[in-house]
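Single-letter residue listing:
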Amino acid sequence: MTLYETLANHLKEYIQQGLFPIGSKLPSVRQLSHEHNVSLSTVQEAYRQLELEGMVEAKPKSGYFVRKIEIRTPLPTTSRPPQRPMEVSQWEEVLNLLLNRSEKGTIQLQHAMPDMTSSSLKPLLKKLGDLSRHRPDLGLPYGDIRGSAELREQLARLAVASGCLLHPDDLVVTSGCQEALSVCLRAVTQPGDIVAIESPSFYGSMQAIKAANLKTMELPTHSEDGLSLEALELALDQWPIKAILITPTCNNPMGYSLSEEKKKRLYLLAQSYDICIIEDDVYGDVSYDFPRPKSIKAFDEDGRVLLCSSFSKTIAPGLRVGWIAPGRYRDKVTHIKYVSSSMCPTLPQLAIADFIKTGGYERHVRRMRLQYQQGRDHFLKAIQTYFPKGTRVSYPKGGFVLWVQLDSSIDVVKLAEAGRKHNVNIAPGVLFSSTGKYRNCMRLNFTDHNVTEREDGIRKLAYIINEYS
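The shown structure was predicted, so the numbers you read here are calculated from the model rather than taken from an experiment.

Observations concerning the pairing of strand E12 (residues 322-325)
Here E12 shows no split at all, with Gly322 and Ile324 on one side and Trp323 and Ala325 on the other all buried. Examined bridge by bridge, strand E5 (residues 172-174) and E12 share three bridges and lie antiparallel to one another. By the bridge assignment, Val173 is partnered in E12 with Trp323. In terms of strand pairing, strand E11 (residues 305-310) meets E12 through four bridges, oriented antiparallel.

Examining a nonpolar patch on the surface
A surface patch of nonpolar side chains, amounting to about 360 Å² of accessible area, comprises Trp91, Leu95, Leu98 and Leu99. Its place among the elements puts Leu95 in helix H4 (residues 91-99). Overall, the relative accessible area of 30% leaves Leu95 in the partly exposed class.

Some remarks on the sheet that holds strand E14 (residues 401-405)
The antiparallel open sheet is built from four strands, whose spatial order is E13-E14-E17-E16. If you trace the sheet from one side to the other, it starts and ends with strand E13 (392-393) and strand E16 (427-428), each paired once. Here E13 runs beside E14; their pairing, made up of two bridges, is antiparallel. Within E14, the position partnered with Arg392 by the bridge is Gln405.

As for the pattern of salt bridges
When charged atoms on two side chains of opposite charge get close, those side chains can pair. Inspection of the entire model under this criterion finds 26 salt bridges. Here Asp130 ties to Lys126 by a salt bridge, and the two come within 3.0 Å at their closest N and O atoms. On the criterion of helical spacing, the pair formed by Asp130 and Lys126 is a turn pair, its members being four residues apart in helix H5 (residues 122-134). Lys126 gets classed as exposed once you look at its relative accessible area, which sits at 54%. As a salt-bridge pair, Asp377 and Arg376 come within 2.9 Å of each other at their nearest N and O atoms. Both residues of the pair, Asp377 and Arg376, belong to the buried class. When salt bridges that share partners are traced, they join Asp144, Arg146, Arg152 and Asp169 into one network.

What counts and what doesn't
- Residues numbered from 1 in each chain as written.
- Predicted model: local features only at pLDDT ≥ 70, side-chain atom pairs only at ≥ 80, totals over all residues.
- Heavy atoms only, no water.
- Buried < 20%, exposed > 50% of the residue type's maximum accessible area, 1.4 Å probe, protein only.
- Helix = DSSP H or I, 4+ residues; strand = E, 2+ residues; numbered from the N terminus.
- Pairing = 2+ DSSP bridges.
- Patch = residues over 30% accessible without salt bridge, like charges linked within 9 Å, V, L, I, M, F, W, Y side chains within 5 Å.
- Areas by Shrake-Rupley, 256 points an atom, 1.4 Å probe, with all protein chains shown as cover.
- Salt bridge = Lys/Arg side-chain N within 4 Å of Asp/Glu carboxyl O.

Structure representation (structure tokens):
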């Protein structure tokens, strides 16, 4: 444990024991530096960690204070999906969402997009520019179908934070996480097979299941506790499930993170039924917890976990750089990747590898974690203020999307249509089920636009909801 982690834990204990009451001012950076014989930067980093955890807040020119814990809006109810395998539908609705690029001035709350305006991305953009100007030849030939060696080396280093010990040769670079999920599904299943998923679940995952001619087994999922392992075990006893596809850390669309203990139980359950786990970890690096949560892959002893991720949610989706740690399925994954898209563009890989190696990536995600957590808190407060009583909302542990459940009488598909007329776009809940469930739910993104614009979007939605009530 580092010095700042040790200091942060001491301060956390003092707060939890009531030695520093809610709202009270905490010792200054200089005072703590003197008392604990550590540098000023160590104290500042300790306070930053406590900010990320929501325990303290910094007030300009005043110092650090113990943060008041807000009364939370009720959580969404546990989902009740169909109790049998189903074919995935909803493609037309998903396509309409993907093609919806509204006019300037529209408040976009429907796309899971990171903040791409941060100054912490400047070193990456500079490196991309330098490569394009001075070494464009590097991007012209065929590259390694597994991805550039420089990037895979850095990915192996990043994996340590999630509890994984990987060699660069254990990794295959893909065109984003969407391709990673699609390749993995094709590597471990045959048409007609059944894949267990969370419900609600990311529509991109389900469309990958549809494209592979598979069926989904949606399982009950709680917005804080995550996937029901009891329901999963019952389903495994009843149906010939071939794989589990799950986003266990900073889930999309609910934002929950499975506990370490539950991740290990899930792995052991898959092991006992001899099936594989496709783990979507695309939001893992923007978890608000520090250190970031372990992945299920961290518990993998026999290569049955295929870990998928990308930089689409931490840096920018347009770079199209993702990867797979496919375990025992490496050769099959590599072959499917080759026949589907061959190699990935080289220059973005080299730029990202340099960004990680020089420390730019860590600085960027550290900044984003704090920004997204603050955005979440403001968004939740706005929903609590403007939305009608009875609204339920998830409480994300990372990332930048959350799940809203309205009264059952509200049709969010119609709400979305009305929202477009008021220049507010949302993602209706029906997109997140293979059978169009969750018609009274929606997923919202809280990264785009500034605080004022986001709150204006919530006010407009509240107005439309009241029109339907």
